[in-house]
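# Notes for the structure review
The primary structure of each chain is shown beneath.
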Protein chains: 4
Amino acid sequence: ALKRRAFEHKITLRVGRSHGIHAEPTTMGLTFARFYAEMARNLTRLRTARDEVATGAISGAVGTFANIDPRVEEHVCAKLGLTPEPISTQVIPRDRHAAFFATLGVIASSVENVAIEIRHMQRTEVLEGAEFFSMGQKGSSAMPHKKNPVLTENLTGLARLVRMSVIPAMENVALWHERDISHSSVERMIGPDATITLDFALARLTGVVDKMIIFPENMLENMNKFPGLVMSQRVLLALTQAGVSREDAYAMVQRNALKVWEHRTDFKEELLADEEVCAALSREQIEEKFDMDYHTKHVDTIFRRVFGES
Amino acid sequence: ALKRRAFEHKITLRVGRSHGIHAEPTTMGLTFARFYAEMARNLTRLRTARDEVATGAISGAVGTFANIDPRVEEHVCAKLGLTPEPISTQVIPRDRHAAFFATLGVIASSVENVAIEIRHMQRTEVLEGAEFFSMGQKGSSAMPHKKNPVLTENLTGLARLVRMSVIPAMENVALWHERDISHSSVERMIGPDATITLDFALARLTGVVDKMIIFPENMLENMNKFPGLVMSQRVLLALTQAGVSREDAYAMVQRNALKVWEHRTDFKEELLADEEVCAALSREQIEEKFDMDYHTKHVDTIFRRVFGES
Amino acid sequence: ALKRRAFEHKITLRVGRSHGIHAEPTTMGLTFARFYAEMARNLTRLRTARDEVATGAISGAVGTFANIDPRVEEHVCAKLGLTPEPISTQVIPRDRHAAFFATLGVIASSVENVAIEIRHMQRTEVLEGAEFFSMGQKGSSAMPHKKNPVLTENLTGLARLVRMSVIPAMENVALWHERDISHSSVERMIGPDATITLDFALARLTGVVDKMIIFPENMLENMNKFPGLVMSQRVLLALTQAGVSREDAYAMVQRNALKVWEHRTDFKEELLADEEVCAALSREQIEEKFDMDYHTKHVDTIFRRVFGES
Amino acid sequence: ALKRRAFEHKITLRVGRSHGIHAEPTTMGLTFARFYAEMARNLTRLRTARDEVATGAISGAVGTFANIDPRVEEHVCAKLGLTPEPISTQVIPRDRHAAFFATLGVIASSVENVAIEIRHMQRTEVLEGAEFFSMGQKGSSAMPHKKNPVLTENLTGLARLVRMSVIPAMENVALWHERDISHSSVERMIGPDATITLDFALARLTGVVDKMIIFPENMLENMNKFPGLVMSQRVLLALTQAGVSREDAYAMVQRNALKVWEHRTDFKEELLADEEVCAALSREQIEEKFDMDYHTKHVDTIFRRVFGES
């Protein structure tokens, strides 16, 4: 789903934000592609972790095979699709389980990452995307105008629940001698809880991403809240390349940015009206700095890195 | 060090314990071999985790390469021995760091595992092993007779310290949009703290294992605290194989075990004096059940699994 | 500082949000008052926790006072302003320390709570408040137009760092017999780290709140992004009180809300142009529903609850 | 139960251990009294935490009481035995819940503390106490001689499960604006899970303590594993008080302790045979140092501190 949405919005312009503050243009497709790459890494991690715990042991009360031949273990493990544990005690060593639950915790944190992004997109002031909301559906019972991102908020909480199993699983590693049973109650709870919760969360997240509504026009509107201001870095670079000292260039850009900030005027117009700026850059050069294509020219390259050629 | 100590005490007999209670004989070498296998797994995990975080990104303020060519990133990463991050924002995605710190947490838990085993060995009542204690060294300042396992107790605490970085590293994954800087203060503390603490812990643990003193005679003495009792399972199996019902066999073994438990008599002697037992098993059969070699016959096999042929 | 800012903006109107979505009007002062109340609770918690750990013990190697009189303990504790520990071993019981660090973790979470609120306020799209930014100060080195909430992002990270000491402090409680020294390395790190980090965080937060810039006009602008829509609940209630069935009322409100949502028209105007609505409510009744004072009428009551009479 | 067992074994001698190593004599009753005092503290903490969360709010969609009078809240809270929340949003502030779950985590750690002590007592080599084991009960199915501390091992695991809810509860504090619903899924799981698990654990622990078997004669045997050695500190002090330099005294004690350590001879006999020691202390003085009453003389005082006069 992430891949499909990524290609769908490959060049849908959107403002990139650092610190929650507008920075430079990017595209909605890059956001989806980024989550796709993260989840692809998680799939690899999960496979490794699953292989790690898929071992079996039938080695007797303290692991010496005194009363049972090692070939029995090999035979049963082969039947069950497990690897025989090279050396066990009464139980399989619990560092394997710790690594498994730690991996679930990492994946849950990625779920939270996607969920938080969508919750931000759905804020009333941002409104660049939203969880699907069917026509007949009622939102808030008390407030008929509301459409809430309840699924992704729920996913944020589920991530915490999966993560909370990591430390107990690690505390389980240090069993006394050839085993004590302190790990058992822990695993009986976190085993089903963490795996089922994460499975549910991943399924829910897939559904949300698959059906979520994207508002490209709001993305443009947000980007232009302070018209042209997101291009300030490019103008700064152009000025310095035209021979203006970095210090002066910074001052020129900042004073015009301030006007935009205060009066919501157009940054390009302010620059074109600034004599010092115009002394350094021609009208064509200034206008060219506000070309959006400049920011999307490497999207293809990045997509090839993430999704391969195709 | 674990490997050397494992081979040194490959067949040093020791009682295996489950629940802290004597179960069946095993060997000290198997304990070391078990830790060796666990640490070998950890080395693999650490290499994977290190590769995962060894990526670099120079992709601009929001990751679009608008003002910098992707080839710069490739060139610099190549120089630094890093893999270019396929898709980044202003920063490298933090799921990589979460996986790294999670791995440190697993390794720390294994350190705790070994440390707890040694602390148990050094208990006054057990005294099967001890941290090295040089001749001139003073133990407790107030109590001249004491030799304390202070290094392994310290390692138990250090494990907690490394583990505590796992959850913050996971909470760092969900950054707002193209980055917020909340992860930075966290990483500036847990980055050096967790890696240095774990490195110190591993070095200290290696030293402890390398020089620790083993008391084979105490192991035998402990095993014989209730003489012969650890063989109860074997006798039980023999009785059932001789045609006695499992229920009767259990009763026969338990009543004789009880005498040993209460009067510290010899389990073998009690069995030889029990008419019902002797009706089912010959004197030779009973005596053969107390043969220690029975329990070590597969040690070679296990060592081959762990250390390979050699 | 929270109290001063609360009174300053006691009736500064601001839209209340649930799920990040506009709900109903509230005031900025209520937000500050809410944090004030939370921090007042934290102060009480901290005092309780500090009293809990302020005990002393000089009771000998295992806590029996065999070689030292209890009166020595009483005398020294009195000099140091500590309570004598009623029953100790070689050390003071560690449940006291666990409760102390748990309290630090709660307080740190409240710091995060305030920090996240301010980060949301400073988002470009929201811009209802901002960390103070002095005139000469440069923002982003690359992007001259940016003012980033770096202090509150930093506080978000610091909260994670303080919280991470809670679990190790709890793992420290179960010492072996009359003490083992595993708690020591943990406390030597989390003791200074958690207290200093939290102290720094609280000082930084106080400074941020004290000097933060509030944009009341932006609050009004945000509230009116979809003009009048936040009053939908009141209209719904009025319709039902006027005898319209809840189902019909919901439909009436929703269809007019939808127009506002799609065309950014004024909700009140839409209602006044809706024949069915006008059949149930007079023009005066409808207009009265958009009176802002309705939402602030109990602010005084709430302030009295929080700050007492004054 | 802890109180009853404490008085029962008020002066049952037992060796005190630091670092798992024999230190000086103490009594079994002091161990129980110590746990009693810890649990009494926990009861106070739990009551405080329960009062903290027993608040109610009916203050409307964002907490302004716009559509509902504060008197409704007061009335309903009074009916339910709750305190009205002085200032709420759509929900009650979550620092209250964080403090509550943190308290559960501290109590769970105390449960672990008692459980670990009992598990140590039941070790085959120590055997100073044991979980009750009814006559007909079977122990290990495979090993008829075994009595395992499975209840206290289980409690060790349950403690980890309760503790794991602390961090998610703290992560729940920072809700977005007037509430987001991310806390809800977390509380729906940890709410019942943590409270039920802890309630079960406390009930189980009470049962274990109530019925556990104490072996006073084994305590004496353990204390005398190295006969008289636990008195080394007292002899050291006596020598210095008799005018021997601390350095010389330490050497005298250590050389005799070493003999006991190696040959399990009697420490008192060794001292009486040491000319230098006898030059400093008379026979009576030496013998007096091995008087056990010396170590229990303040037990009454400690009991009064813990349980009050009675």
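Residues numbered from 1 in each chain as written. Chains lettered and ligands numbered in written order. Predicted model: local features only at pLDDT ≥ 70, side-chain atom pairs only at ≥ 80, totals over all residues. Heavy atoms only, no water.

### Quick look at the domain arrangement of chain A
Residue and element names in this part refer to chain A. We apply this condition: Domain extents, as shown, originate in an automatic or database domain assignment. In this analysis, two residues are considered to be in contact whenever any of their non-hydrogen atoms come within 4.5 Å of each other. Buried area: the accessible surface (1.4 Å probe) lost by two parts on joining, summed over both. Criterion for a salt bridge: a side-chain nitrogen of Lys or Arg within 4 Å of a carboxyl oxygen of Asp or Glu. Strands here mean DSSP runs of E at least two residues long; helices mean DSSP runs of H or I at least four residues long; both are numbered from the N terminus. Three categories are distinguished: nonpolar for Ala, Val, Leu, Ile, Met, Phe, Trp, Tyr, Cys and Pro, charged for Asp, Glu, Lys and Arg, and polar for the others, with Gly belonging to the last.
Segmenting chain A into domains produces domain 1 (2–53 + 94–133 + 146–221) and domain 2 (229–294). Using C-alpha coordinates to define each centre, domain 1 is positioned 40 Å away from domain 2. Every contact between the two is made by six residues of domain 1 and, on the other side, four residues of domain 2. Between domain 1 and domain 2, roughly 410 Å² of surface is buried when both sides are summed, and carbon and sulfur atoms account for 69% of that area. The three residues of domain 1 that bury the most area against domain 2 are L13, E24 and P25, which together make up 74% of that side's buried surface. Here domain 1 and domain 2 share zero salt bridges between them. Take the side of domain 1 that touches domain 2: its biggest share by element is four residues, from strand β2 (residues 21–27). Within the side of domain 1 that touches domain 2, the residues separate by chemical class into four nonpolar, one polar and one charged.

### As for the pattern of salt bridges
Rule in force here: For every residue, the accessible area obtained with a 1.4 Å probe (protein chains only) is divided by the maximum for its type, and the residue is called buried under 20%, exposed over 50%, and partly exposed between those limits.
Scanning all chains against the criterion turns up 96 salt bridges over all chains. Between R305 of chain A and E74 of chain B there is a salt bridge, with the nearest N and O atoms lying 3.9 Å from each other. Remark: E74 of chain B occurs in helix α3 (residues 70–80) and R305 of chain A occurs in helix α15 (residues 299–307); the pair is interchain, linking two chains. Close ionic contact of D69 of chain C with R71 of chain C constitutes a salt bridge, the shortest N to O distance being 2.8 Å. D69 of chain C gets classed as partly exposed once you look at its relative accessible area, which sits at 26%.

### Section: the packing of helix α5 (residues 150–163) of chain B against helix α7 (residues 182–211) of chain B
All names here are of chain B. In plain terms, the rule: Between N-to-C directions, angles span 0 to 180 degrees; the directions come from axes that are lines fitted to C-alpha atoms, helices contributing only their stretch in contact. Small angles under 35 degrees read as roughly parallel and large ones over 145 as roughly antiparallel, with 65 to 115 read as roughly perpendicular and the rest as oblique. We call a crossing left-handed when the near helix sits turned anticlockwise from the far one by less than a right angle, and right-handed when that turn is clockwise.
Axis separation between α5 and α7 bottoms out at 10 Å; the angle between their running directions is 155°. Here α7 runs roughly antiparallel to α5, going by the angle between their axes. The hand of the α5/α7 crossing is left-handed. Here L151, T152, N154, L155, L158, L161 and V162 of α5 come into contact with α7, specifically with A194, T197, L198, F200, A201, R204, L205 and V208. Residues that form the contact of α5 with α7 fall into these classes: eleven nonpolar, three polar and one charged.

### Here we look at the interface of chain A and chain B
In this complex, chain A contributes 76 residues to the contact, which on the side of chain B involves 77 residues. In this assembly, chain A packs against chain B so that about 6,500 Å² is buried in total across both faces, 58% of it on carbon and sulfur atoms. Ranking the residues of chain A by area buried against chain B places I87, H177 and R305 of chain A at the top, with a combined share of 13%. Between D95 of chain B and R41 of chain A there is a salt bridge whose closest N-O contact spans 2.9 Å. The element that contributes the greatest number of residues to the side of chain A that touches chain B is helix α4 (residues 95–122) of chain A, accounting for 14 residues. For the side of chain A that touches chain B, the class distribution of residues is 32 nonpolar, 20 polar and 24 charged.

### Section: the relation of the copies chain B and chain C
The following threshold applies: Copies overlap after least-squares fitting; the atoms used are the C-alpha atoms of residues with pLDDT of at least 70 in both.
Once chain B is rotated about the relating axis by 180° and shifted along it by 0.0 Å, it coincides with chain C to within an RMSD of 0.1 Å. Here the symmetry operator amounts to a two-fold rotation axis. For chain B, the smallest separation between a C-alpha atom and the rotation axis is recorded for M164 of chain B, amounting to 2.7 Å. When you check the interface residues of chain B against chain C, 100% turn up at the interface there too, and the contact is symmetric in its surfaces.

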